[in-house]
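Survey of secondary and tertiary structure
This is what each chain is made of:
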Amino acid sequence: MAEQNGKPILNALRGTAVEPRPVWLMRQAGRYLPEYLALRSKASDFMTLCLTPELATEVTLQPIKRFGFDAAILFADILLVPHALGQRVWFEQGEGPKLEPLTDDIRKNFAKHSSMSALAPVYETIARTRAKLPPSTTLIGFAGAPWTVATYMIAGGSSDDSTPARLFALRDPKAFSALIETLIEATATYLIAQVEAGAEALQLFESWAGTIPAAKIDTYSVNPLRRIITKVRERAPNTPIVVFPRGAGANYGAYAHIGAAAISIDAHTPLTWVRGQAGNATLQGNLDPLALIAGSGALTAAIDQILDDTRGTPHIFNLGHGIRPETPIAHVEQMLAHIRARRS
Ligand code: 1CP
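Calculation criteria
- Residues numbered from 1 in each chain as written.
- Predicted model: local features only at pLDDT ≥ 70, side-chain atom pairs only at ≥ 80, totals over all residues.
- Heavy atoms only, no water.
- 1 Å grid on protein atoms, 1.4 Å probe; cavity = no way out; pocket = protein on both sides within 12 Å on 5 of 7 lines; lining within 4 Å.
- Points joined across faces, edges and corners; volume = space filled by probe spheres on them.
- Helix = DSSP H or I, 4+ residues; strand = E, 2+ residues; numbered from the N terminus.
- Nonpolar A, V, L, I, M, F, W, Y, C, P; charged D, E, K, R; others polar.
- Pairing = 2+ DSSP bridges.
- Contact = heavy atoms within 4.5 Å.
- Axes fitted to C-alpha atoms, helices over the stretch in contact; angles between N-to-C directions.
- Phe/Tyr/Trp six-rings, centres within 6.5 Å; stacked < 30°, edge-to-face > 60°.
- Buried < 20%, exposed > 50% of the residue type's maximum accessible area, 1.4 Å probe, protein only.
- Lys NZ or Arg CZ within 6 Å of the ring centre and 35° of its normal.
- Polar contact = N/O pair within 3.5 Å; in protein donor to acceptor, adjacent residues only side chain to side chain.
- Expected span 1.5 Å × (residues − 1).
- Arc of directions from axis to C-beta.

Right, let's get into the layout of surface pockets. Empty space within the largest pocket amounts to approximately 1600 Å³. Along its surface, the largest pocket is lined by 49 residues, and Arg27, Arg31, Asp77, His321 and Ile323 are the ones closest to its centre. Of all the secondary-structure elements, those providing two or more residues to the lining of the largest pocket are helix H2 (34–40), strand S2 (89–92), strand S3 (96–99) and helix H13 (289–294). The element best represented in the lining of the largest pocket is H2, accounting for three residues. Looking at the lining of the largest pocket residue by residue, the class counts come to 25 nonpolar, 13 polar and 11 charged. For the second largest pocket, the calculated volume is near 210 Å³. Taken together, 14 residues line the second largest pocket, and the ones lying closest to its centre are Phe176, Ser177, Ile180, Thr219 and Tyr220. Elements with a minimum of two residues in the lining of the second largest pocket: helix H9 (163–171), helix H10 (173–197) and helix H11 (217–235). Its residues assigned to classes, the lining of the second largest pocket shows eight nonpolar, three polar and three charged.

Here is the structure:
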């Protein structure tokens, strides 16, 4: 029997089929919330917002205060790791992230930054948030998976199908594997520090799993994630880890056996199929973010399908990817009311 400690998300991550279904949303603190936009305009830039504990704590708590989700996710970004490793990162309004070119000089200095002490403000945000959360709400820390973070470091920003990183890996496998090694170490150190600061569960975002050629899925993604999970579990054996390999398709099964407590499922992968691949792992997801924009009958039908497909099994309700800025608040309220009114 899993321990019933009054935190629905932690109970689900430990393998209990919890009803009513615990729920949080990826990117739940963000631009669809007027209070986020108001606070965002106070910070000089997005990186400063992430690295100012007072503001980041407030943003983390905003969706909890408004909706009472079962988990809060730390307000930060996966690109804080390249920043901490010494590669300059900035966000241009409406344009997404930008990173300075990954020079030999920057790579030579990675080791100097490996303590992740530049992210001390993030650890302080975690401690402050934890102290303010309701007792039933779980605080989730996170990081990007090495491949996903590397795609941004190599391209200098977003790229549709990770072409720059894929070419770099094929042309210079030694340099690519050194970069992945650096990210494995840095990410494990960062996540362990998050747990020590008060994170109760962790999520690893492999947002660009879908761009990895099948023959490379193990070396680029599955093995690095397994190594991070092993390192974190050595130091924090009771902290469950969620892996989100968005777009992994037929490779979803490969992620079920790397020590993660849960796998988060995108909207394109059938939950019932993953259930058969995933052994005892808890599943999370997989509402289409567009159903949340559409609302009304399309939304309740999509919710019912997910709840029916996962009935009696450990499952955390979530989206298949981040909530979109144009999502009406009333539809988030409709979703929560519908999930919480259903008992099975
Ligand atoms: O609830 C929350 O908002 C939690 C905080 C959070 C998380 C978990 C943010 C804040 N970013 C992330 C993760 C993140 N960041 C991922 C993985 C999840 C996913 O696939 O969406 C990725 C890929 C990033 C990189 C990133 N940061 C992008 C995506 C660019 C692309 O290539 O598509 C963007 C637009 C950002 C900026 C960002 N991060 C977070 C917010 C709220 C924003 C928008 C910035 C703003 O306010 O203008």
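Below, the discussion takes up the sheet that holds strand S7 (residues 262–265). If you trace the seven strands from one edge of the open sheet to the other, you get S1-S4-S5-S6-S7-S8-S9, paired in parallel fashion. The open sheet has two free edges, formed respectively by strand S1 (71–73) and strand S9 (315–316), since each of these has just one partner strand. With two bridges joining them, strand S8 (residues 282–285) and S9 adopt parallel strand pairing. Bridging across to S9, Leu283 finds its partner in His315. Relative to strand S5 (residues 201–206), H11 is tilted by about 165°, and along the sheet it contacts S5 and strand S6 (241–245).

This part takes up the packing of aromatic side chains. As enumerated under the stated definition, the model contains 11 aromatic pairs in all. A centroid spacing of 4.6 Å and a plane angle of 70° characterise the contact between Phe46 and Phe91, whose relative ring orientation is edge-to-face. Of this pair, Phe46 sits in helix H3 (residues 46–50) while Phe91 is found in strand S2, placing the two residues 45 residues apart along the sequence. Under the relative-accessibility criterion, Phe46 is labelled buried at 11%. Judged by centre distance (6.1 Å) and plane angle (50°), the ring pair of Tyr123 and Tyr190 falls under tilted. Of this pair, Tyr123 sits in helix H7 (residues 120–132) while Tyr190 sits in helix H10, and the two are 67 residues apart along the sequence. Through a chain of ring-to-ring contacts, the aromatic side chains of Tyr36, Phe46, Phe75 and Phe91 assemble into a single cluster. Arg88 extends its terminal NZ or CZ atom over the ring of Trp90, reaching a point 4.3 Å from the ring centre. Over the aromatic face of Trp208 sits the side chain of Arg246, whose NZ or CZ is 4.8 Å from the ring centroid.

Here we take up the packing of H9 against H10. Following both chains from N to C, one finds H9 and H10 inclined at 120°, their axes separated by 5 Å at the closest point. Together, Phe168, Ala169, Leu170 and Arg171 of H9 and Pro173, Ala175 and Phe176 of H10 make up the contact between the two elements. Taken together, the residues of the contact of H9 with H10 break down into six nonpolar, no polar and one charged.

Right, let's talk about the side chain of Thr269 for a bit. Structurally, Thr269 is set in the loop between S7 and helix H12 (271–277). Within the structure, Thr269 has its side chain in polar contact with the side chain of Asp266 (distance 2.7 Å).

The end-to-end C-alpha separation of helix H14 (residues 296–309) is 20 Å, in line with the 20 Å expected for 14 residues at 1.5 Å each. For H14, the full list of buried residues reads Leu299, Ile303, Ile306 and Leu307. With its buried residues spanning 95° around the axis, H14 presents them on a single face. Where H14 is buried, its residues contact H12, S8, H13, S9 and helix H15 (329–341).

The next subject is unusual backbone geometry. A cis amide bond links Glu19 with the next residue in sequence, Pro20, at an omega value of -10°. Following the sequence through the fold, Pro20 ends up in the loop between helix H1 (8–13) and H2. The omega torsion across Gly285 and Asn286 is 0°, close enough to zero to call that bond cis. Tracing the backbone through its elements, the reader meets Asn286 in the loop between S8 and H13. For Ser162, which is not a glycine, the phi torsion comes out positive at approximately 60°. One can find Ser162 in the loop between helix H8 (146–155) and H9. By relative accessible area, which is 1% here, Ser162 ends up buried.

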